[in-house]
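Now for the letters of each chain:
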Amino acid sequence: MTVTKQVIMLLLSILLVACDGPDIGSDADKATAERRVFNWKMVTTWPPGFPVFQEGAEEFARRVGVMSNGRLNIRVYAGGELVPPLQVFDAVSQGTIEMGHGSPYYWAGKVPEAQFFSSVPFGMTAKGMNAWLYYGGGLELWREVYAPFNVVPFPMGNTGMQMGGWFNKKINSLDDIKGLRMRIPGLGGKVLKRAGGNPVLMAGSEIYTALERGTIDATEWVAPFHDQRLGLNRAAKFYYYPGWHEPGTMFELIINSNKWNELPADLKQIVETTATAISQTIYSQMEYNNQIALQAIREDSRIELLQFPEDVLRELRALTAVTLDEEAEANPAFKRVYEAYRNFREDYTEWTRLSEDVYQDILRSE
Ligand code: CA
């Protein structure tokens with residue numbers, strides 16, 4: 001037999017053995033999967049060019065494109081470019097769009113318990129949220145909650161601590177909240193209402209004019225960096241902290257579950273790992289940009305930077321407990337997530353109380 005014939009026989013025998021073996025299907029599938037190119041779309045809830053948030057989504061797509069060597073191409077569309085911001089979840093759920101980026105509390109009307117995966121008043125900060133989601137069972141619960149909608153969530157960003165907001169009058173007691181017209185969405189708005197205020201729903205683009213013209217008395221938005229970008233420092237005088245209503249709002253990458261299942265294992269790993277990396281990128285950028293913006297706000301003599309009185313915060317916290325309990329009473333799905341969240345937070349608080357809390361108190365008293 002010539003060498004060529006020997007090689008052919010060898011190849012044939014390998015092929016025959018392979019045909020008998022159970023692995024031929026998966027090898028062939030793997031080879032096909034490795035060649036397959038996915039062209040996906042991602043829609044976000046953010047305005048076009050929105051710093052840090054929209055930029056984070058675009059950076060995610062860029063990195064996935066590089067790491068997958070062009071096998072997973074994601075085209076990112078800002079809110080309204082392809083899908084209105086508040087329809088992002090539905091578009092991904094129906095599979096008309098493969099991916100979305102936003103925050104779970106935007107879907108509170110459809111999935112009220114999703115708010116625990118974003119942020120709740122007097123809830124956990126970014127560090128606690130990360131511990132709960134990645135290791136404390138939070139993410140598994142989140143996936144269960146989204147499963148009936150054919151949506152798979154991944155944590156992808158956190159705003160860090162937000163600010164209490166911009167007010168055109170001082171808040172010295174709970175009485176000053178009575179009748180206050182404030183733009184504050186979600187559970188924070190419900191708590192404000194219980195305190196006698198009037199929560200107002202309003203898109204980001206309308207806030208500046210409404211506050212400047214006195215249509216509203218106060219607004220929350222994000223924190224110094226984004227608030228300044230929106231011009232809120234020119235529309236009201238009193239800037240209050242802390243953001244009791246949003247102590248660390250989590251963002252999500254959401255993927256249609258059928259589309260997710262079509263991805264080969266290596267692309268899945270690239271998506272998951274990049275989402276975690278971008279989560280850190282967004283959070284770090286928020287912390288960095290906010291301290292820079294705060295310096296400018298401090299130097300502006302027109303602005304008074306004020307802490308909410310402690311008794312006001314205590315009362316808002318008590319009203320938050322009543323609000324959450326009432327929601328849980330009316331909705332078993334909400335109750336289930338609330339209990340898991342609360343149990344984790346109790347244990348986690350024991351740890352932070354004797355670690356970071358004490359440490360920060362010492363630094364503050366210097
Ligand atoms: Ca906010």
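Quick note: structure is the one above.
Residues numbered from 1 in each chain as written. Predicted model: local features only at pLDDT ≥ 70, side-chain atom pairs only at ≥ 80, totals over all residues. Heavy atoms only, no water.

(A) View of the pattern of salt bridges. Applying the stated criterion to the full structure yields 18 salt bridges. The salt bridge partner of Arg71 is Asp266, with a shortest N-O separation of 2.9 Å. With a gap of 195 residues between them, Arg71 in the loop between α3 (53-67) and β2 (72-77) and Asp266 in helix α11 (residues 265-299) connect regions that are remote in the sequence. Given a relative accessible area of 14%, Arg71 falls into the buried group. Judged by relative accessible area, Asp266 falls into the partly exposed class, the value being 33%. (Salt bridge = Lys/Arg side-chain N within 4 Å of Asp/Glu carboxyl O. Helix = DSSP H or I, 4+ residues; strand = E, 2+ residues; numbered from the N terminus. Buried < 20%, exposed > 50% of the residue type's maximum accessible area, 1.4 Å probe, protein only.)

(B) Quick look at helix α6 (residues 138-146). Residues of α6 that are buried: Gly138, Leu139, Leu141, Trp142, Val145 and Tyr146. Within α6, the buried residues cover an arc of 160° as seen down the axis, which keeps them to one side. Contact partners of the buried residues in α6: α4 (88-94), α5 (126-135), β4 (151-158), β10 (250-256) and α13 (332-354). (Arc of directions from axis to C-beta. Contact = heavy atoms within 4.5 Å.)

(C) Local environment of the nonpolar core. By size, the foremost hydrophobic cluster in this structure holds 48 residues, and its most contacted members are Met42, Phe60, Leu72, Ile74, Met99, Leu253 and Val271. Listing elements by their share of this core, those giving two or more residues are β1 (38-44), α3, β2, β4, α8 (204-213), β10 and α11. Ranked by residues supplied to this core, first place goes to α11 with nine residues. Residues from two domains meet in this core; each of domain 1 (35-159 + 248-288) and domain 2 (162-246 + 301-329) gives at least three. Of all hydrophobic cores here, the second largest spans 35 residues; its members include Val111, Met129, Trp132 and Val337. (Core = buried A, V, L, I, M, F, W, Y, C linked by side-chain atoms within 4.5 Å. Domains from an automatic or database assignment.)

(D) Broad picture of the packing of aromatic side chains. Evaluated as defined, the whole model comprises 27 aromatic pairs. Relative to Phe308, the ring of Tyr240 lies with its centre 4.8 Å away and its plane at 15°, an arrangement referred to as stacked. Taken together, the positions of Tyr240 in strand β9 (residues 238-241) and Phe308 in the loop between β11 (304-307) and α12 (310-330) put the pair 68 residues apart, joining distant regions of the chain. Note on Tyr240: relative accessible area 2%, which makes it buried. Residue class for Phe308 comes out buried when judged on its relative accessible area of 4%. (Phe/Tyr/Trp six-rings, centres within 6.5 Å; stacked < 30°, edge-to-face > 60°.)

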